[in-house]
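# Residue-level structure breakdown
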Amino acid sequence: MPNVRPSRARKRSLTFAALGLTPALLIGGVVTATTGVFSSDGVTLAADSPITLDGHGHGHGRGLGQWGAYGYAKQGWSADRILRHYYGNTTAGKVSTPDVTVSLSEKKSVSVHAAAGMRVGTEKVAPGQAVSLSGNTATITNGCGGAVVKTVQASLVEPIAPGTNRPDGELLTFCNGGEKYRGAIGIGPGGVINKLHVDDYVKGVIPKESMPSWADSGGFEALKAQAVAARSYVVAGLASGRKMDNTQQSQMYHGASGEDPRTSRAADATAGAIRLLNGKPALTEFSASTGGYTAGGLFPAVKDAGDAISPTHNWSATVSAGSIASAFGVGALKSFEVIEANGLGEGGGRVVKVRVSGTGGTVEATGDQARTKLQLKSDWFSVKGQKTMPKIVKPQVGPEAPGGPGDLLDLSPLNAILNKIVPGAGVVGLPDVIGQVTPVIEQIIAEGTKALTAKRVSRERSDNSNGSTGTVSRDRSANSQGSTGTVAKPEMITDGKGMPGLVQVIENGMLYYSPLTGAHALFGEALTDFLAGGGVAELGFPTRDAGR
């Protein structure tokens, strides 16, 4: 469900929406062609034809990217700044209910011991004794599998002393396997459970979900961010009624046996800290690598420059036509194409929807479904050789990076731009932002519209002089999707460095304008290549005209 930005976040982010302007969505349909990439040349696919997919990232890409957090930490970012970047609209908070219950999915029974002794019900279990649970009955024995000492009514075995971060001798240890766990072990409705303080739980999560060695190479702040994300995730999950286990379905967790001193320090350094969304614990998902942009969803999508160091920042996969056809059940494959993408990053960004056509029919599926069916690293991929541009369906997008110390808006890029447009202009602080920027934006719109009109007229004359039979409609009511034969109204956009400008869709092409590059037209393959390369967001405004 989309989230409303809190007023504080709006003050940090200077957007053209705040000034009453709507950024343009660059829709793939402006390069008109509906033929599938593999059938457009009339070639019939063989069942074993190789299809290459170029992709980015590893995992679902929502929320924190672990490799990106590591990259940012190496650049000097604090854990707080990392968290604010990935989890937009959230604020820092503390846990109010510290105990969590996690299902130990691989455990089928309970038989535990502890060097310092344990407690079961009202009974104290002496050192050297063990406890086995069956339903609501606890059996105390002399050692694991030894003679029965006593039975009591209980379904939970607790450590000898309460509290977090207890010494090794007080940890409950399974008779089979020897795994050690902090907190209590019991039998719940769904099987074996571990009930413990959330700070103790996080110590068993971080080393399994992240890399402890990052602490040795400038990444300790990333581990601290991971600790907060793990803590917030389990608290939010349980609060919403989710069953939390120790697998990837929730979070990997191997108890005290899986702990590492370096990640335990990160847990201690952030004790009790979580992220709050609308005053409640935020379900802070995370994945290994975003590929350079997070996916959006509960939190706004953001650029992830830290991910450049990820080993799966870029990847390529070759899949046979037969495998694709079998995965989607369409008979012999005729075409496989990305028809919708989110427009963030290379190749059109993450896949929103694919269309798969075969002799047995045509199906459409989400990018995540395609990722699962084809066993891809992520849903950010493009089909090598595809000529049609996907329709762009952009998610909510957050700022490229949060402010530094003091949590103020970083206005330096905008100041540089304003000084180039109007010498001496600049933004000096939050209270004056709207008043100083609005006149400059109005100037950009006025001058840009004039320049785009001149460029369009020039292109029409050029086409007519070359004997073009095409016409350009004067219909100004067309939307920004730019249907062929229409001219859309100019719309304000910004490039990846914050440069404001205008884009206008015309017949079979686009016009771009910025104060520093002027007005330029892109058509045909030049436009296709420009959009495939990330468009204005990645490449900036065009500096010259380019056509077929």
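Sequence order as written defines residue numbering, which begins from 1 separately in each chain. Two thresholds apply to this predicted model, a pLDDT of at least 70 for residue-level local features and 80 or more for giving and counting side-chain atom pairs, whereas whole-chain, interface and lining totals are computed over all residues. For the side-chain quantities, the full set of heavy atoms in the structure was used; hydrogens and water were omitted.

## Topic: the pattern of salt bridges
Heads up, the rule is: Any carboxyl oxygen of Asp or Glu within 4 Å of a side-chain nitrogen of Lys or Arg constitutes a salt bridge here. Labels follow the DSSP assignment, with helices taken as runs of H or I lasting at least four residues and strands as runs of E lasting at least two, numbered in each case from the N terminus. Only protein chains enter the accessibility calculation, which uses a 1.4 Å probe; a residue whose area is less than 20% of its type maximum is buried, one above 50% is exposed, and one in between is partly exposed.
This structure, assessed with the given rule, holds 20 salt bridges. Here lysine 353 makes a salt bridge to glutamate 340, at a shortest N to O gap of 3.9 Å. Here lysine 353, found in strand β21 (residues 351–358), pairs with glutamate 340, found in strand β20 (residues 333–341); they are 13 residues apart in sequence, far enough to count as distant. Among the ionic pairs, arginine 371 bridges to aspartate 368, the shortest N-O distance being 3.3 Å. Of this pair, arginine 371 and aspartate 368 both sit in helix α8 (residues 367–373), three residues apart, which is roughly one turn of the helix. Judged by relative accessible area, aspartate 368 falls into the partly exposed class, the value being 34%. Through salt bridges with shared partners, one network takes in Glu337, Glu340, Lys353, Arg355 and Glu364.

## Some thoughts on the pairing of strand β19 (residues 315–320)
When a strand is regular, its side chains alternate between the sheet's two faces. Defined as follows: Only strands that DSSP links by at least two bridges are regarded as paired with each other.
Because side chains alternate across β19, one face comprises the buried residues Trp315, Ala317 and Val319, and the other comprises Ser316, Thr318 and Ser320, none of which is buried. With six bridges connecting them, strand β1 (residues 50–55) and β19 associate as antiparallel partners. In the strand pairing of β19, isoleucine 51 is matched with valine 319.

## A word on the side chain of arginine 182
Our working definition: What qualifies as a polar contact is a pair of N or O atoms within 3.5 Å, subject to a donor-acceptor requirement within protein and to the restriction that residues adjacent in sequence count only when both atoms come from side chains. Two residues qualify as a contact provided that any one of their heavy atoms is within 4.5 Å of a heavy atom in the partner residue.
With respect to the element layout, arginine 182 can be found in the loop between β13 (180–181) and β14 (184–188). Accessibility expressed as a relative area gives 9% for arginine 182, which makes it buried. Polar side-chain contacts of arginine 182 include one of 2.8 Å to the side chain of glutamate 259. Ignoring anything within four residues of it in the chain, the contact list for arginine 182 reads Asn165, Arg166, Leu171, Asn194, Leu196, Asp200, Ala256 and Glu259.

## Details of the state of the cysteines
When the sulfur atoms of two cysteines share a covalent bond, that bond is a disulfide. To keep it simple, the criterion reads: The disulfide definition used here is simple: a pair of cysteine sulfur atoms within 2.5 Å.
Tallied over the full model, the rule gives one disulfide. Across a sulfur-sulfur distance of 2.0 Å, cysteine 144 and cysteine 175 are joined as a disulfide pair. Here the S-S torsion is close to -75 degrees, and the disulfide linking cysteine 144 with cysteine 175 is therefore left-handed. Note that cysteine 144 is positioned in the loop between β9 (137–142) and β10 (148–153) and cysteine 175 in the loop between β12 (172–174) and β13, a separation of 31 residues in sequence. Its relative accessible area of 24% is what places cysteine 175 among the partly exposed residues.

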